[in-house]
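A look at the structure
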Amino acid sequence: MKRFLMAALLAAAPFAASAQAAAHTVHVVVPFPPGGPVDVLGRVLAQDFGEATGQTFVVENKAGAAGNIGTDAVAKAAPDGATLGIIPAGNIAVNPSLFPALPYKASELAPVAMLATVENVLVVNPAVPARSVQELLALAAAKPESVSFASPGAGSQAHLAGELMALSGKVRMLHVPYKGIGPALNDLMGGQVTMMFGQMSSVLPLIRSGKLRAVGVASAQRSALLPDVPTVAEQGLPKFEAVSWYALMVPAATPAATVERLHAASARMLAKPAIREKFAAMGMEPGKGTPQELAATIQSETVRWGEVIRARNIKAD
C-alpha cells in the first residue's frame, strides 16, 4: 500500500510542481491577433493542457510591433509557470538582430518545446521563364533587380529567405514588401512580382490549381506534399534552409522542474493522433526534441539570420 501511494504521488507530481497549481489560471500569450497559425497553436495547447491537468489555461492575444509586445510580456512575467508564450522563430531568432531597440533580450526567455515547423516553398508566376533555382539566378544575373520577390513585410521569413537566396547566389534581386500574405500572393499570381517563399499551407492549393509553380522547397529534405520538387539546397545552394517554426517558451528564471513538466506535457500532446491531424490540416509538422536542442536551434538560427540581416542591411518597417 505504501508503494502504491508513493507511485500515485510521483505520477501526480509533474502537474503539481507549481505552488497551488490547480487553483491558478495559466496564461498562454500569443503575440499576434486571433486567427493566425500562432493563435491556433496557442488554443490547441491551452485546450489540451487544460484537459490534461484540470487547470484553466487562457489564451491572451497581445499583438503589436511585429510580435514584440507579446514576446516582451512573456519575458517580463513572473517565472512561476503561470505564463507561457507561443513564440515564432522571428521573435526569438530574427528580431534581436532586426530591431535596434528591442524591449526584451533573447536571454530573458527559456526554451521549453518546439511545437511545430512549417515548410516554405519557392514559387513563381507560371509565366516566368524559369523552372529551377539556377534558371532564376541566371535571370537575376543577366539583369540585376529584374527578378523581384514578394514578402508579407520586412524582416519576415519570406523576406529573409529571398535575401539569403540572393546572397548565396551572388545576385541582386528586388524585394517588394506587402502588408500581409494575401496582397503578396495576389500580386504574384497577377505577375507584378516574380517569386516568393511562401508557407506550404498558403501556396500548396495555388500550386495544385496551376496558379503558381513550385521551383524549390526551402527545407533540408524534400516535402512529402511535393515529392517531385527538389530542395533549394539540391539546386546549387548548399545548406540553404528557411523553415518557419513555433516554440513554447517561458520566462528565463522559471525553475528547471517546471520547464521539464511543461516539456513532458508538450511531448504527450504532440504524440496524439488527433493533434497531429489538426497540425497536418494547417500544413504544420509537430515539433520534437529537448529544450536543449531547441536552444541550439535558436542559437544557430540567430547567427544565420543575423548574418543575412547585416550583409543585406535589412531594416524593419
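Structure: above.
In this text, all values refer to a predicted model and were calculated from it rather than measured experimentally.

Regarding its fold elements, the chain presents 11 helices and 11 strands. Taking 317 residues into account, the globule formula puts the C-alpha radius of gyration at 20 Å, and the chain, at 21 Å, falls close to it. The C-alpha extent of the chain, read off along each of the three principal axes, is 80 × 40 × 30 Å. Sequence-distant contacts in the chain: of pairs separated by 6 or more residues, those separated by 24 or more amount to 76%. When the accessible area of the chain is evaluated, it comes to approximately 14500 Å², of which 59% is carbon and sulfur surface. Across the chain, the 26 positively charged side chains and the 22 negatively charged ones have centroids separated by 1 Å.

A full pass over the atoms with the stated rule returns nine salt bridges. Taking the shortest distance from any N to any O, the salt bridge between Lys-272 and Asp-48 comes out at 2.6 Å. Here Asp-48 lies in helix H2 (residues 37–53) and Lys-272 lies in the loop between helix H9 (256–271) and helix H10 (273–281), a separation of 224 residues in the sequence. Under the relative-accessibility criterion, Asp-48 is labelled buried at 8%. With its nearest N and O atoms 2.9 Å apart, the salt bridge here joins Glu-234 to Arg-222. With Glu-234 in the loop between strand S9 (213–217) and strand S10 (244–251) and Arg-222 in the loop between S9 and S10, this pair connects stretches of sequence that are 12 residues apart. Exposure remark for Glu-234: the relative accessible area of 46% places this residue in the partly exposed category.

Let us look at the sheet that holds strand S3 (residues 83–88). Strand order in the open sheet formed by six strands is S2-S1-S3-S10-S4-S11, with mixed pairing between adjacent strands. Looking along the sheet, the strands with just one partner apiece sit at the ends: strand S2 (56–61) and strand S11 (284–286). Between one strand axis and the next, the sheet turns through 30° on average, direction left out of account. Here S3 runs beside S10; their pairing, made up of four bridges, is antiparallel. Within S10, the position partnered with Pro-88 by the bridge is Tyr-246.

Another point: the sheet that holds strand S7 (residues 174–177). Paired through their backbone hydrogen bonds, the strands of a sheet run either parallel or antiparallel. The sheet built from five strands is open, its strands ordered S7-S6-S8-S5-S9 with mixed pairing. Each edge of the open sheet carries a strand with a single partner, namely S7 and S9. The sheet shows a mean angle of 30° between the axes of neighbouring strands, taken without regard to direction. Pairing of strand S5 (residues 120–124) with strand S8 (residues 195–199), which is carried by five bridges, proceeds in the antiparallel orientation. Its bridge partner lying in S8, Asn-120 is registered against Gln-199. Where helix H5 (residues 133–142) meets the sheet, its contacts fall on S5, S8 and S9, and the angle it forms with S5 comes to roughly 55°. Its contacts with the sheet put helix H8 (residues 200–208) on S5, S8 and S9, and the angle it makes with S8 is roughly 120°.

Every buried residue of H5 is listed here: Val-133, Leu-136, Leu-137 and Ala-140. Taken around the axis of H5, the buried residues stretch over an arc of 95°, which confines them to a single face. Check the buried side of H5 and you find it contacts S5, helix H6 (157–169), S8 and S9.

Definitions and cut-offs
- Per chain, residue numbering runs from 1 following the sequence as it is written.
- Only residues with pLDDT of at least 70 are given local features in this predicted model, and only at 80 or more are side-chain atom pairs given and counted; all residues enter the totals for whole chains, interfaces and linings.
- Note: side-chain values were computed over all heavy atoms of the structure, leaving out hydrogens and water.
- Segments assigned H or I by DSSP are reported as helices when at least four residues long, segments assigned E as strands when at least two residues long, and all are numbered from the N terminus.
- For a compact globule the rule gives 2.2 Å times the number of residues to the power 0.38, and the radius of gyration it is set against comes from C-alpha atoms.
- In what follows, a contact means two residues having at least one pair of non-hydrogen atoms within 4.5 Å.
- The Shrake-Rupley method, run with a 1.4 Å probe sphere, supplies the accessible areas, and residue values consider only the shown protein chains as cover.
- By the counting rule applied here, Lys and Arg register as positive and Asp and Glu as negative, while His and the ends of each chain are not counted.
- Charge placement uses NZ in Lys and CZ in Arg. For Asp and Glu, CG and CD serve respectively.
- By salt bridge we mean one thing: a side-chain nitrogen of Lys or Arg within 4 Å of a carboxyl oxygen of Asp or Glu.
- Burial classes follow relative accessibility: with a 1.4 Å probe on protein chains only, a residue under 20% of its type's maximum area counts as buried, one over 50% as exposed, and anything between as partly exposed.
- Being paired, for any two strands, means DSSP has found at least two bridges between them.
- To obtain each axis, a line is fitted to C-alpha atoms, and for helices this fit is confined to the stretch in contact; angles are then taken between N-to-C directions over 0 to 180 degrees.
- Along the arc lie the directions from the helix axis toward the C-beta atoms.

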